[in-house]
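# Chains, contacts and geometry: an overview
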Amino acid sequence: MESHKNTEELHRSFIDKLSIRYGAFDGLRNQFESTSNSIIARDLFYSDSQFSRLINGTASEGEFKRALGNIERLLDLDKLKTSKPSDLKSTKKKIVIKRRFLIVATGVIVSLAIVSFLYFKEYFSTKMAKVIVSDSKYDMLKWSFENNFIQPYVKLKELPDDCYYPCYKYQGKWILKNEYKIPFYRERNGFHYVAKEAIMYARCMDERGDRGESFEGYEYQKHEIWYDKREFPIDSFLTKGSNTQIRELYNFSNLDEDDNFVKIAYVHTFFRTEFKIDSSFIQRTGKALGRDIEFVNDKVLNDQLNNENSLNSIKNEIKAISINRLEDYSKPITCNPALAPDVNFNLIEEGDEMSFNCHFSIGNFIVNYKKTYVFSDQYINNYCR
């Protein structure tokens, strides 16, 4: 009973503090006067379901205590913004400087943390077979953007009076729509790079001061390297008469169902991209900041290759490819501008796409590939009015 009483008191305190920031609370509808529950949940860095438990009083005592800490920090920030009315301009300037410093510092910390996590002392050595579970690599990026304390996004109430701040509707999580394939070669043919998965968190670069026309993405990529036992040359996979266009039949094929292909390794990459909104187009530039390779189990590979010497030779080739050929992915990417999902940026919503036609250099070949992002979780669903 005592625990239940504590929870009720915490719930009342939580509602009271939220009311200070978001207006009177309607207990019948479980809503506040000035702001939707969805927006408040995002301000506190909670999902709608988590916030629903809190607002309905069904959360645990620990959840209420953490939530109270979050709203108290927001109220403290509000006090800072409204302090010294006679010197409001100076105060705002200090807040902006502090915010920009925190955003830049957060980006640096996130980048360094993930790069450090991905980097190994003996780069692309045989010890890479002992990497930790790949999901944890994405978890670190997810933690950086989906926690209750770091708030990297620009919020609706922070937008200018004229609402011209295009990037605000692009903020949130984007994922890769379709995989794409790129054939490689070094001293021998037979290697193929398959882009399987990408998860990107995008945020407005409000430190740029360009009226919201720039946003950046921190992206985890999980790709694969395959070996074609026939070692067909690269042009076998390109459109006849073209040194740039990959055949659709090859690009949409399932290598798992082809006995000629053997999956050799997984490639984990941390990528940072900058986007520039230019009218109805979006320009994309970026580069890899960290990468490692996770080889498939040797026993599995030996069963498919039937030759231990061949396995050792292929693994050595892949290490060399990773350092040399994949180095192109560590240089600024080259992509054509994409059409914006909607000319009216206020109408951009979950399910929209950004599709970029890009170029990758492979020796004397420059191969075209298409990378399409799908908006899976939008940070601001409402319109700026």
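These figures come from a predicted structure and were not determined experimentally.

A word on the pairing of strand 7 (residues 261-278). Of all 18 residues that make up strand 7, 13 are buried, and the element is covered over most of its length. Summarising the sheet, strand 6 (residues 214-228) and strand 7 pair through 15 bridges and their orientation is antiparallel. The residue bridging Lys222 from the neighbouring strand is His268, located in strand 7. Pairing analysis gives 14 bridges linking strand 7 to strand 8 (residues 281-295), with the strands arranged antiparallel. Bridging from a neighbouring strand, His268 pairs with Asp292 of strand 8.

The next thing to look at is the nonpolar core. One recurring pattern in soluble globular proteins: nonpolar side chains tend to sit buried together. Ranked by size, the top nonpolar core spans 65 residues in total, and within it Tyr170, Ile264, Met354 and Phe356 carry the most contacts. Examining the composition of this core, we find that 9 residues originate from one element, strand 5 (residues 191-204), more than from any other. In this structure Phe356 touches Phe275, Ile282, Gln283, Arg284, Cys335, Asn336, Ala338, Tyr369, Lys370, Lys371 and Tyr373, once residues within four positions along its chain are discounted. Grouped together as the second largest cluster of nonpolar side chains are 20 residues, Leu44, Ala59, Leu68 and Ile71 included.

In the Ramachandran plot, Glu231 falls in the positive-phi region, its phi being about 55° despite a non-glycine side chain. Among the secondary structure elements, Glu231 is positioned in the loop between strand 6 and helix 7 (248-251).

Scanning the entire structure with this criterion turns up 22 salt bridges. Taking the shortest distance from any N to any O, the salt bridge between Asp162 and Arg211 comes out at 2.6 Å. Taken together, the residues Asp162 in the loop between helix 6 (135-145) and strand 3 (172-176) and Arg211 in the loop between strand 5 and strand 6 connect sequence positions 49 residues apart. Here Arg211 falls in the partly exposed class, since its relative accessible area comes to 43%. A salt bridge links Glu274 to Arg208, with the nearest nitrogen and oxygen atoms 2.8 Å apart.

Let's shift gears to the packing of aromatic side chains. Evaluated as defined, the whole model comprises 20 aromatic pairs. Summarising the aromatic geometry, the rings of Phe237 and Tyr250 are spaced 4.7 Å apart at their centres and angled 50° between planes, so their arrangement reads as tilted. Here the residue Phe237 occupies a position in the loop between strand 6 and helix 7, and Tyr250 occupies one in helix 7, the gap between them amounting to 13 residues. In this structure an aromatic cluster arises from ring pairing among Tyr170, Trp174, Phe215, Phe275, Phe356, Tyr373 and Phe375.

This part covers helix 8 (residues 298-305). For helix 8, the capping residue at the N-terminal end is Asn297, with a side-chain oxygen 2.8 Å from the backbone nitrogen of Lys299. Immediately downstream of helix 8, the backbone of Asn306 shows phi near 60°, a positive value.

Moving on: the state of the cysteines. Two cysteines joined by a covalent bond between their sulfur atoms form a disulfide. This structure, assessed with the given rule, holds 3 disulfides. With a sulfur-sulfur separation of 2.0 Å, Cys163 is cross-linked through a disulfide to Cys384. Taking the sign of the S-S torsion, -75° for the link of Cys163 and Cys384, the bridge is left-handed. One end of the pair, Cys163, is in the loop between helix 6 and strand 3; the other, Cys384, is in the segment after strand 12 (365-378), with 221 residues separating them in the sequence. Taken individually, Cys163 and Cys384 each receive the classification buried, so the pair is uniform in this respect. With its bonded cysteines labelled in order along the sequence, the chain shows the pairing 1-6, 2-3, 4-5.

This paragraph deals with the confidence of the model for the chain. Predicted coordinates in areas of low pLDDT are best not read in detail. Counting all residues, the mean pLDDT for the chain is 80, and 78% of those residues have values of 70 or more. Note that residues 85-98 has pLDDT below 50 and, in this model, 7 contacts with residues that lie over four places away or in other chains. Below a pLDDT of 50 lies the segment residues 115-134, which in the model reaches 40 contacts outside its immediate sequence neighbourhood of four places, other chains included.

What counts as what
Residues numbered from 1 in each chain as written. Predicted model: local features only at pLDDT ≥ 70, side-chain atom pairs only at ≥ 80, totals over all residues. Heavy atoms only, no water. Buried < 20%, exposed > 50% of the residue type's maximum accessible area, 1.4 Å probe, protein only. Helix = DSSP H or I, 4+ residues; strand = E, 2+ residues; numbered from the N terminus. Pairing = 2+ DSSP bridges. Core = buried A, V, L, I, M, F, W, Y, C linked by side-chain atoms within 4.5 Å. Contact = heavy atoms within 4.5 Å. Salt bridge = Lys/Arg side-chain N within 4 Å of Asp/Glu carboxyl O. Phe/Tyr/Trp six-rings, centres within 6.5 Å; stacked < 30°, edge-to-face > 60°. Polar contact = N/O pair within 3.5 Å; in protein donor to acceptor, adjacent residues only side chain to side chain. Disulfide = S-S within 2.5 Å. pLDDT = per-residue confidence, 0-100.

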